[in-house]
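# Examination of the molecular architecture
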Amino acid sequence: ASSISKIANLEPSVDPKAELYIYPDGDSTRLVYVTEVNTLQPTLLRTRYFIDANDGKIVFKYDILNEVIGTGRGVFGDTKTFETTASGKKYQLKDTTRGKGILTYNVHNTETLPGTLYTDSDNVWEDPAAVDAHAYAIRTYDYYKDRFGRDSIDGHGMAIASAVHYGARNYNNAHWGGTHMLYGDGDGTLFAPFSSDLEIVAHELTHGVTEHSSGLVYFAESGALSEAISDIIGNDIDRTNWDFGKVAYTPNIKGDAIRSLSDPVKYGQVDHYSNLYPDPNNEDYGGAHINSGIINKAYYLLAQGGTFHGVKVDGIGRDAAVYIYYNAFTNYLTSTSNFSTARAAVIQTAKDSYGENSIAVTSAIKSFDAVGVK
Ligand SMILES: [Zn+2]
């Protein structure tokens, strides 16, 4: 009865009861108790067990929770569909078809996790921030699976939990919190609810991927590398242009964004190592969001090509460039890697993937030369 002992520390949400049944077993029958384990916290569970009345062995068990398709409108009014779970007379904002699940919680403008798993009576979801968080977590999971063969944040199906309405009302930020992606509501002027932006969702989830691969320390150059790979994946997921974070940022102003990979200086970043922000006051985690512009620019040059600081780079396209960066960052970087390490990792991955004498290798070298990283 190992299954029983595993769940013994859960609090039942319904008083357990057991009824005797005759269970057909091949040509004969068994006397079984039928019972249900039903918990809400810490995990939602509803499993029916058939237990042999004589020896206590589990004869059969199955999940009563059911996967269904829900629908709802996002922050900007668009209708989305997504996997949810039917449980009794209610539905939960929980997709159990991907990895160990994608779950969306309401933290009710607090910072207290995990908050409450969203439930709904008709599977038409009324909270736009939750609809977007859920649908975009699913999109990002699929992106990682389809493009890189990665199964969720840790590569082993780790459950993806999103918490919306995080922090005080008007809270202008989003975070990867180690177990959850946390989305503020935004003040409506500088930011719309953060989960409304697929690129931000992919950026935050990628911080989780980084934590579970290289473990880059979030400070100075290693912190800027963490920011850069999150921006690169965030930008790649919809490939509309070379900007990052254009949907949630200043929702009433069209055409602007949080950062630009093609022209980092446009939004206050630096784009060349000679201009590395030294950050004597340790502001911005040692310039994590400022110096990431240098790596973002190197990535842009590798993908798109161009001449920068007198160095001409032949673009190899988004598919090859993002493949090289994802693999370089997850396979070769460690917690204390700096820009120089990243250069070596990207060049090595280009060799691994496309061969020693490939254009990808030449362009990888030139892209880092162009931004002054040796
Ligand atoms: Zn970030």
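Residues numbered from 1 in each chain as written. Predicted model: local features only at pLDDT ≥ 70, side-chain atom pairs only at ≥ 80, totals over all residues. Heavy atoms only, no water.

Let's shift gears to the pairing of strand E5 (residues 66-73). Note: E5 against strand E6 (residues 79-87), eight bridges, orientation antiparallel. Counterpart to Gly70 in the pairing with E6 is Phe82. Counted between consecutive antiparallel strands, the loop separating E5 from E6 contains five residues, among which Gly77 sits at a positive phi close to 90°. With two bridges joining them, E5 and strand E12 (residues 124-125) adopt parallel strand pairing. Pairing of Thr71 across the sheet is with Val124, part of E12. (Pairing = 2+ DSSP bridges. Helix = DSSP H or I, 4+ residues; strand = E, 2+ residues; numbered from the N terminus.)

Helix length check: helix H8 (residues 359-370) (twelve residues) gives 16 Å between terminal C-alpha atoms against 16 Å at 1.5 Å per residue, within 8%. For H8, the full list of buried residues reads Ala360, Val361, Ser363, Ala364, Ser367, Phe368 and Ala370. Packed against the buried residues of H8 are helix H5 (284-304), strand E18 (306-308), strand E19 (311-313), helix H6 (318-331) and helix H7 (339-354). Once H8 finishes, Gly372 follows within two positions and takes phi at roughly 80°, a positive value. (Expected span 1.5 Å × (residues − 1). Buried < 20%, exposed > 50% of the residue type's maximum accessible area, 1.4 Å probe, protein only. Contact = heavy atoms within 4.5 Å.)

Turning our eyes to something else, we now look at the coordination of the zinc ion. Think of it this way: four donors in a tetrahedron around the metal ideally sit 109.5 degrees apart, and six in an octahedron ideally sit 90 or 180 degrees apart. Surrounding the zinc ion are the protein donor atoms His203 (NE2), His207 (NE2) and Glu227 (OE), which sit 2.1 Å from the metal. All donors of the zinc ion come from a single chain, and their spacing in sequence reads H-x3-H-x19-E. With His203 in helix H3 (residues 198-211) and Glu227 in helix H4 (residues 220-236), the pair connects residues that are 24 residues apart, well separated along the chain. On the accessibility criterion, His203 (4% relative accessible area) is buried. (Donors = N, O, S within 2.8 Å, 3.2 Å for Na, K, Ca; no water.)

So, about the nonpolar core. Counting 78 residues, the largest nonpolar core has Tyr299, Tyr325 and Phe329 as its most contacted members. No other element matches helix H2 (residues 128-148), which puts twelve residues into this core. In this structure, this core is formed jointly by two domains, domain 2 (66-211) and domain 3 (220-370), each of which donates at least three residues. In this view, Phe329 contacts Ser214, Leu216, Leu225, Ile229 and Ile295; residues no more than four positions away in its chain are not counted. (Core = buried A, V, L, I, M, F, W, Y, C linked by side-chain atoms within 4.5 Å. Domains from an automatic or database assignment.)

Pairing within the open sheet is mixed, and its five strands lie in the order E11-E7-E6-E5-E12. Strands with a single pairing partner mark the edges of an open sheet, and in this sheet they are strand E11 (119-120) and E12. Along the sheet face, H2 touches E5, E6 and E12 and points at about 90° away from the line of E6. (Axes fitted to C-alpha atoms, helices over the stretch in contact; angles between N-to-C directions.)

Moving on to the packing of aromatic side chains. Any two aromatic rings considered together are summarised by their centre-to-centre distance and by the angle between their planes. Applying the stated criterion across every chain yields a total of 16 aromatic pairs. Between the aromatic rings of Tyr144 and Tyr326, the centroid separation amounts to 6.0 Å while the plane-to-plane angle is 65°, which identifies the pairing as edge-to-face. Of the two residues, Tyr144 sits in helix H2 while Tyr326 sits in helix H6, which places them 182 residues apart along the sequence. Judged by its relative accessible area of 2%, Tyr144 falls in the buried class. Under the relative-accessibility criterion, Tyr326 is labelled buried at 8%. (Phe/Tyr/Trp six-rings, centres within 6.5 Å; stacked < 30°, edge-to-face > 60°.)

Here we take up the confidence of the model for the protein. Taken residue by residue, the protein gives an average pLDDT of 92. The fraction at 70 or more is 94%. Predicted confidence is poor over residues 1-8, with pLDDT under 50, and the contacts of this stretch with residues over four places away or in other chains come to seven contacts. (pLDDT = per-residue confidence, 0-100.)

Quick look at the domain arrangement of the protein now. Taken domain by domain, the protein comprises domain 1 (2-63), domain 2 (66-211) and domain 3 (220-370). Look at where the C-alpha atoms of domain 2 and domain 3 centre, and you get two points 26 Å apart. Listed by partner, the interface residues are 26 residues for domain 2 and 30 residues for domain 3. Between domain 2 and domain 3 the total buried area reaches about 2200 Å² when both faces are included, carbon and sulfur atoms providing 63% of it. For the pair domain 2 and domain 3, the interface holds three salt bridges. Lys246 is the partner of Glu199 in a salt bridge, and the nearest nitrogen-oxygen pair spans 2.6 Å. Taken together, domain 2 and domain 3 are joined by 15 residue pairs in polar contact (both at pLDDT 80 or more). Of all the secondary structure elements, the ones that give two or more residues to the side of domain 2 that touches domain 3 are H2 and H3. Ranked by the residues each element gives to the side of domain 2 that touches domain 3, the list is headed by H3, at nine residues. Residue composition of the side of domain 2 that touches domain 3, grouped by class: 13 nonpolar, eight polar and five charged. (Buried area = accessible area lost by both parts, 1.4 Å probe. Salt bridge = Lys/Arg side-chain N within 4 Å of Asp/Glu carboxyl O. Polar contact = N/O pair within 3.5 Å; in protein donor to acceptor, adjacent residues only side chain to side chain. Nonpolar A, V, L, I, M, F, W, Y, C, P; charged D, E, K, R; others polar.)

This model, assessed by the stated rule, comprises 18 salt bridges. Linking Arg147 and Asp236 is a salt bridge whose minimum nitrogen-to-oxygen distance equals 3.9 Å. Placement of the pair is Arg147 in helix H2 and Asp236 in helix H4, with a sequence separation of 89 residues. Among the salt bridges present, the one from Arg239 reaches Asp319, with a minimum N-O distance of 2.9 Å. Highlighted residues: Arg239 in the loop between H4 and strand E16 (243-244) and Asp319 in helix H6, separated in sequence by 80 residues. What makes Arg239 partly exposed here is its relative accessible area of 28%.

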